[in-house]
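Read off the chains here:
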Amino acid sequence: MINMQGRTAVVFGVANKRSIAWGIAQKLQAAGAQLVITYQNERLEQEAKDLIADLPGAAGFRCDVTNDAEIDQLFAELKSRYGKIHTLVHSVAFAPAEAMKNDFLLTSRDDFKVAHDISVYSLIAVTRAAAPLMTDESGGSVMTLTYHGAEKVVPKYNVMGVAKAALEATVRYLAADVGKNKIRVNAISAGPLKTLAARSIPGFGDMLRTQAERAPLKRNVETSEVGDTALFLASDLSTGITGEVIYVDAGYNIMGF
Ligand code: NAD
Ligand code: 0WE
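Residues numbered from 1 in each chain as written. Chains lettered and ligands numbered in written order. Predicted model: local features only at pLDDT ≥ 70, side-chain atom pairs only at ≥ 80, totals over all residues. Heavy atoms only, no water.

Our next topic: the environment of Ser224. Within the secondary structure, Ser224 sits in helix α9 (residues 223–234). Taking relative accessible area as the criterion, Ser224 reaches 29% and is therefore assigned partly exposed. (Helix = DSSP H or I, 4+ residues; strand = E, 2+ residues; numbered from the N terminus. Buried < 20%, exposed > 50% of the residue type's maximum accessible area, 1.4 Å probe, protein only.)

The element strand β6 (residues 183–190) is largely enclosed, with a buried count of eight among its eight residues. Both faces of β6 are covered, namely the face carrying Ile183, Val185, Ala187 and Ser189 and the face carrying Arg184, Asn186, Ile188 and Ala190. Note that strand β5 (residues 140–146) and β6 share seven bridges and pair parallel. Looking across to β6, one finds that Met143 is bridged to Asn186. Between the parallel pair β5 and β6, the chain is carried across by helix α6 (residues 158–178), and the sense of this crossover is right-handed. (Pairing = 2+ DSSP bridges. Right-handed = clockwise from strand over helix to strand, strands pointing away.)

The immediate surroundings of ligand 1 are formed by 26 residues, with Gly13, Ser19, Lys164, Leu193 and Thr195 found nearest. Contact between ligand 1 and Ile20: an oxygen atom at 2.9 Å from a main-chain N or O atom of the residue. Taking Val92, its main chain carries an N or O atom lying 3.4 Å from an oxygen atom of ligand 1. Contributing elements (two or more residues each) for the shell around ligand 1: β5 and α7 (196–199). When grouped by side-chain class, the residues that make up the shell around ligand 1 number 16 nonpolar, eight polar and two charged. (Near = heavy atom within 4 Å. Polar contact = N/O pair within 3.5 Å; in protein donor to acceptor, adjacent residues only side chain to side chain. Nonpolar A, V, L, I, M, F, W, Y, C, P; charged D, E, K, R; others polar.)

Here we come to the site of ligand 2. Close to ligand 2 lie 15 residues; Ala95, Tyr147, Tyr157, Ala197 and Ile201 are nearest. Between ligand 2 and the protein, one listed contact pairs a nitrogen atom with a backbone N or O atom of Ala95 at 2.7 Å. Put simply, the parts of the chain that give the shell around ligand 2 at least two residues each are α4 (97–101) and α8 (204–214). Residues of the shell around ligand 2, tallied by class, amount to 13 nonpolar, one polar and one charged.

Structural measurements only, silent on function.
Structure follows, in structure tokens:
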């Protein structure tokens, strides 16, 4: 059993109970970590607060990752409340619906910017704000969520695929910078999961079925399995791992045919 007692984890990206961030928060909490959950805006506040009420000792804060002032304010508050933090989970992505509906060729400058600001730059921004609080002798662990569409073309994933490629490169550049401070940065590449961000995608059900047929394990993955890998990356079992992308996809990505 992994013991996270005495460790504080900050989790970005809880929208509802299906969120990957929520699956990760539950696993970290079950291992004894103190949880800080952030949500994007007032619209998601009630949902987030209802969930947080089920995690003993957890606190909730609003933070829009496109807003530098909100990020600064959040980490100033965390510094005064907790002194230090140990784990940072970035489970945030967004591209305007238009950009995932049309041909990739038609991606507008604005949609490209929004997708990269929210899905990529935000990892740099929150890591920079969190790093000064990751002062424990055990070091710090930062992780983000990515998808196979970063490496291979997945129809309609479009600008998100380009953003995930940039996110995976960002993981490597950040890892190289903050390694000297005993902070590790990794990505989990999850197989498709029916979350809020995925529900609206036409044909998502068919995609889940096809992927399960072709995957070595002959099934889809569960959010709890992504949570288990996140717990491993947060823990001292992974102190030699940084700058990596770990696939949690029932093996789908290894198949050539
Ligand atoms: P989700 O909709 O539950 O989570 C996305 C989160 O991003 C939401 O909580 C939303 O509030 C947050 N967000 C968007 N814009 C934000 C902003 N400006 N400021 C703060 N937060 C903002 O869906 P999910 O599937 O749990 O997605 C989480 C991560 O997992 C994403 O990075 C996604 O790309 C990745 N991922 C998802 C799948 C999948 O199939 N669902 C597979 C691999 C990777
Ligand atoms: O990263 C994602 C989804 C991210 C996402 C989803 C949406 C839908 C609603 C980002 N922005 C938006 N914007 C919206 O307006 N995934 C890995 C899940 C996903 O999305 C796909 C997939 C998979 C898998 C889109 C097309 C094809 C496959």
